[in-house]
Amino acid sequence: QVRLVESGGGLVQAGGSLRLSCAASGTIFSLIAMNWYRQAPGKQRELVATITTVGITSYLDSVKERFTISRDNPKNTVYLQMNSLKPEDTAVYYCNTRIGVQRPTDYWGQGTQVTVSS
């Protein structure tokens, strides 16, 4: 069973930085793409960043140049470095992966709260 566990959230002032981590187990980590999503109160969950198995990255426009997704395959961990944080980045951040081709299954972590004060 795939398990994702996030850590690293917290309260930070605007302009500050946080690094989120997501440890994966129950799968061959190097063979799966990884995503970070976020969900703010009253809003839909949105895709923030993706990293493929070969390290190609993509970002939500509003976080480009501020957030960096990376992965450490030997540690089965994906990271989200968040710099120049803004109050609008406040949300619960979730780690995600989708496994399977014919019947893909989404796996989610429990989420970690990021709160940016102005």
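Position numbers for residues count from 1 along each chain, tracking the sequence in the order it is written. In keeping with the predicted nature of the model, local features appear solely for residues at pLDDT of at least 70, side-chain atom pairs appear and are counted solely at 80 or more, and the whole-chain, interface and lining totals rest on all residues. Side-chain figures throughout are based on the complete set of non-hydrogen atoms in the structure, without hydrogens or water.

Quick word on the overall build of the chain
- Counting secondary structure elements, the chain contains zero helices and 11 strands.
- Counting from the amino terminus, the chain carries its helices and strands in the arrangement β-β-β-β-β-β-β-β-β-β-β.
- The globule rule puts the C-alpha radius of gyration for 118 residues at 13 Å, and the 14 Å found for the chain is close to it.
- Overall size of the chain, expressed as C-alpha extent along the three principal axes, is 45 × 30 × 25 Å. Only DSSP runs of H or I reaching four residues or more are called helices, and only runs of E reaching two or more are called strands; each is numbered from the N terminus. Using C-alpha atoms as the atom set, the radius of gyration is obtained and then compared with a globule rule of 2.2 Å times the number of residues to the power 0.38.

Some points on the pairing of strand β4 (residues 34-39)
- Two strands qualify as a pair provided that DSSP identifies no fewer than 2 bridges between them. Relative to strand β5 (residues 46-51), β4 runs antiparallel, the two sharing five bridges. Of the residues in β5, the one forming a bridge with Asn35 is Thr50.
- The turn joining β4 and β5, which pair antiparallel and follow one another in sequence, is formed by six residues; a positive phi near 75° is taken by Gly42.

Some words on the nonpolar core
- Core analysis: the biggest nonpolar cluster contains 28 residues, and Met34, Trp36, Val78, Leu80, Met82 and Tyr93 have the highest contact counts within it.
- Within the residue set of this core, elements represented by two or more residues are β3 (18-25), β4, β5, β7 (67-72), β8 (77-82), β9 (91-99) and β11 (112-117).
- Here Met82 is in contact with Gly16, Ser17, Leu18, Leu20, Arg66, Phe67, Tyr93 and Val114, once residues within four sequence places are set aside. What makes a nonpolar core is a set of buried Ala, Val, Leu, Ile, Met, Phe, Trp, Tyr and Cys residues whose side-chain atoms join them at distances within 4.5 Å. When a residue's accessible area, from a 1.4 Å probe over protein chains only, is under 20% of the maximum for its type it is buried; when over 50% it is exposed; and in between it is partly exposed. Contacts are assigned to residue pairs with any non-hydrogen atoms lying within 4.5 Å of each other.

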